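Coordinate analysis (summary)
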Amino acid sequence: MSASELTPLEAARRAARSGLPLAQDRHAEVAATADHIHAVVSLLRELDFGETPPAATYRAGGERHDAAV
């Protein structure tokens, strides 16, 4: 286990502090799920979007479709 992984006890403590007490049998599953989410978000943060505008500036349906090849 790396230092960044959430232990079941820490997951339970953080959930309780947030007002979401967990049953004893859920601690390990919640910790594993939180670790997975953290890993996915970490990978997404590494992506380089360059000059890609934020989604708020995108207008659906604004594309021009033509059949010219």
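The residue count restarts for each chain, going from 1 along the sequence in the order it is written. For a predicted model such as this one, the threshold for reporting local features is a pLDDT of at least 70, and the threshold for listing and counting side-chain atom pairs is 80 or more; totals across whole chains, interfaces and linings nevertheless cover every residue. Heavy atoms from the whole structure form the basis of all side-chain values; hydrogens and water molecules are not counted.

Helix and strand counts for the protein chain stand at two helices and zero strands. For the protein chain, the residues scored as buried account for 10% of the 69 residues in total. Here, Shrake-Rupley sampling with a 1.4 Å probe gives the accessible areas, and only protein chains in the shown set may cover a residue. On the protein chain, roughly 6200 Å² of surface is accessible, and the fraction owed to carbon and sulfur atoms is 59%. Each helix is a run of H or I in the DSSP string that is no shorter than four residues. Each strand is a run of E no shorter than two, and both are numbered from the N terminus. Relative accessibility under 20% of the residue-type maximum defines a buried residue, over 50% an exposed one, and the middle range a partly exposed one, all with a 1.4 Å probe and only protein chains included.

This paragraph deals with the layout of surface pockets. Whether a set of points on the 1 Å grid over the protein atoms alone is a cavity depends on a 1.4 Å probe fitting there but being unable to get out, while an open set qualifies as a pocket with protein on both sides within 12 Å along at least five of seven lines; lining residues are those with an atom within 4 Å of a point. Grid points are joined across faces, edges and corners, and a volume is the space filled by probe spheres set on the points. Within this model, the largest pocket holds a volume of roughly 150 Å³. Looking at the lining of the largest pocket, the element that brings in the most residues is helix H2 (residues 27-45), giving three residues. Each residue gets one of three labels, nonpolar for Ala, Val, Leu, Ile, Met, Phe, Trp, Tyr, Cys and Pro, charged for Asp, Glu, Lys and Arg, and polar for the others, Gly among them. Looking at the lining of the largest pocket, its residues break down into two nonpolar, two polar and three charged.

This part takes up the pattern of salt bridges. Once the charged atoms of two side chains with opposite charge are near each other, the side chains can pair. Salt-bridge detection follows one rule: a side-chain nitrogen of Lys or Arg within 4 Å of a carboxyl oxygen of Asp or Glu. Taken as a whole and assessed by the stated rule, the structure comprises two salt bridges. Residue Glu10 pairs with Arg13 through a salt bridge whose shortest N-O separation is 2.2 Å. One end of the pair, Glu10, and the other, Arg13, are both in helix H1 (residues 8-17), three residues apart, so they sit about a helical turn from each other. Between Arg14 and Glu10 there is a salt bridge, and its shortest N-O distance comes to 2.9 Å. Pair noted here: Arg14 and Glu10 are both in helix H1, with a separation of four residues, about one helical turn. Relative accessible area serves as the criterion here: at 43%, Arg14 is assigned to the partly exposed category. With relative accessibility at 18%, the residue Glu10 sits in the buried group. Residues participating in the shared-partner salt-bridge network are Glu10, Arg13 and Arg14.

To continue, consider the side chain of His27. Secondary-structure assignment places His27 in helix H2. Pairs of residues are marked as contacts when any of their non-hydrogen atoms sit within 4.5 Å. The residues contacting His27, other than those within four sequence positions of it, are Pro8, Ala11, Ala12 and Leu22.

A word on a nonpolar patch on the surface. A contiguous nonpolar patch, built from Val40, Leu44, Leu47 and Phe49 and spanning about 380 Å² of accessible area, is present on the exposed surface. One can find Leu47 in the segment after H2. Looking at Leu47, the relative accessible area reads 46%, which means it is partly exposed. Each patch is assembled from residues with relative accessible area greater than 30% and no salt bridge, linking like charges that lie within 9 Å and nonpolar side chains (Val, Leu, Ile, Met, Phe, Trp, Tyr) that lie within 5 Å.

Purely geometric stuff here, so don't read any function into it on its own.
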